[in-house]
Amino acid sequence: MHPMKNDEELDQRIAGLVRSVGREAAPGLEKRIFEAAQRIRPRKKRARKRRLWLLALVSTAAAAAMAAVVLLPPRGELPPPITEIRTEFTIAGTDIKVVFFQKPDFHFFEEE
């Protein structure tokens, strides 16, 4: 099978194949359908071009955003990790003060 030279030739080939296995259409119906299809076709091509431009624009923006995230250095350094947590409270009515220190190597939920 040879490649089709243009869309019109492809349309005629498909129409011929469909006619070869189908019944005859009512007089004038095929012509009206073909004319309606010709009026719609240019809009499809313009919409397709717009969608392609939109797809290209979105793809370019996504690639630029990814490049910026990967290539640009961070603005500032991260804050240093917490070295310890100190909690103090006093038991009411007594002179008892409780002080609790939590170090980074303290693993509350892990058993040794």
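About the criteria used
- Residues numbered from 1 in each chain as written.
- Predicted model: local features only at pLDDT ≥ 70, side-chain atom pairs only at ≥ 80, totals over all residues.
- Heavy atoms only, no water.
- Helix = DSSP H or I, 4+ residues; strand = E, 2+ residues; numbered from the N terminus.
- Buried < 20%, exposed > 50% of the residue type's maximum accessible area, 1.4 Å probe, protein only.
- Contact = heavy atoms within 4.5 Å.
- Areas by Shrake-Rupley, 256 points an atom, 1.4 Å probe, with all protein chains shown as cover.
- Salt bridge = Lys/Arg side-chain N within 4 Å of Asp/Glu carboxyl O.
- Pairing = 2+ DSSP bridges.
- Patch = residues over 30% accessible without salt bridge, like charges linked within 9 Å, V, L, I, M, F, W, Y side chains within 5 Å.
- Polar contact = N/O pair within 3.5 Å; in protein donor to acceptor, adjacent residues only side chain to side chain.

**Q** Describe in detail the overall build of the protein, supporting the description with residues and values.
**A** In terms of helices and strands, the protein carries 2 helices and 2 strands. The secondary structure elements of the protein, listed N-terminal to C-terminal, are α-α-β-β. A buried classification covers 0% of the 112 residues belonging to the protein. Pairs at least 24 residues apart make up 6% of the contacts formed inside the protein by residues separated by at least 6 positions. Taken as a whole, the protein presents about 11500 Å² of accessible surface, with 63% of it coming from carbon and sulfur.

**Q** So what's going on with the pattern of salt bridges? Residues and values would help.
**A** On inspection of all chains with the given rule, the structure shows 2 salt bridges. Between E88 and R86 there is a salt bridge, with the nearest N and O atoms lying 2.4 Å from each other. Overall, the relative accessible area of 37% leaves E88 in the partly exposed class. By sharing partners, the salt bridges in this structure join R86, E88 and K97 into a single network.

**Q** Can you explain the pairing of strand β1 (residues 85-90)? Please cite residues and give values.
**A** The pairing of β1 with strand β2 (residues 97-102) spans 6 bridges and is classified as antiparallel. Note on β2: the bridge partner recorded for I85 is Q102. Hairpin connection from β1 to β2: 6 residues lie between these consecutive antiparallel strands, with G93 at a positive phi of about 80°.

**Q** I'd like to hear about a nonpolar patch on the surface, residue by residue, with values.
**A** Side chains of L10, I14 and V18 sit close together on the surface and give an oily, nonpolar patch of about 240 Å² of accessible area. Its place among the elements puts L10 in helix α1 (residues 7-21).

**Q** Now, about the environment of R86: what can you tell me, with residues and values included?
**A** Secondary-structure assignment places R86 in strand β1. Residue R86 is classed as partly exposed on the basis of its relative accessible area of 49%. Considered as a pair, R86 and V99 are 13 residues apart in the sequence and their alpha carbons are 7.0 Å apart. Residues contacting R86, with those up to four places away along its chain left out, are V99, F100 and F101. One polar contact links R86 to E88, side chain to side chain, over a distance of 2.4 Å.

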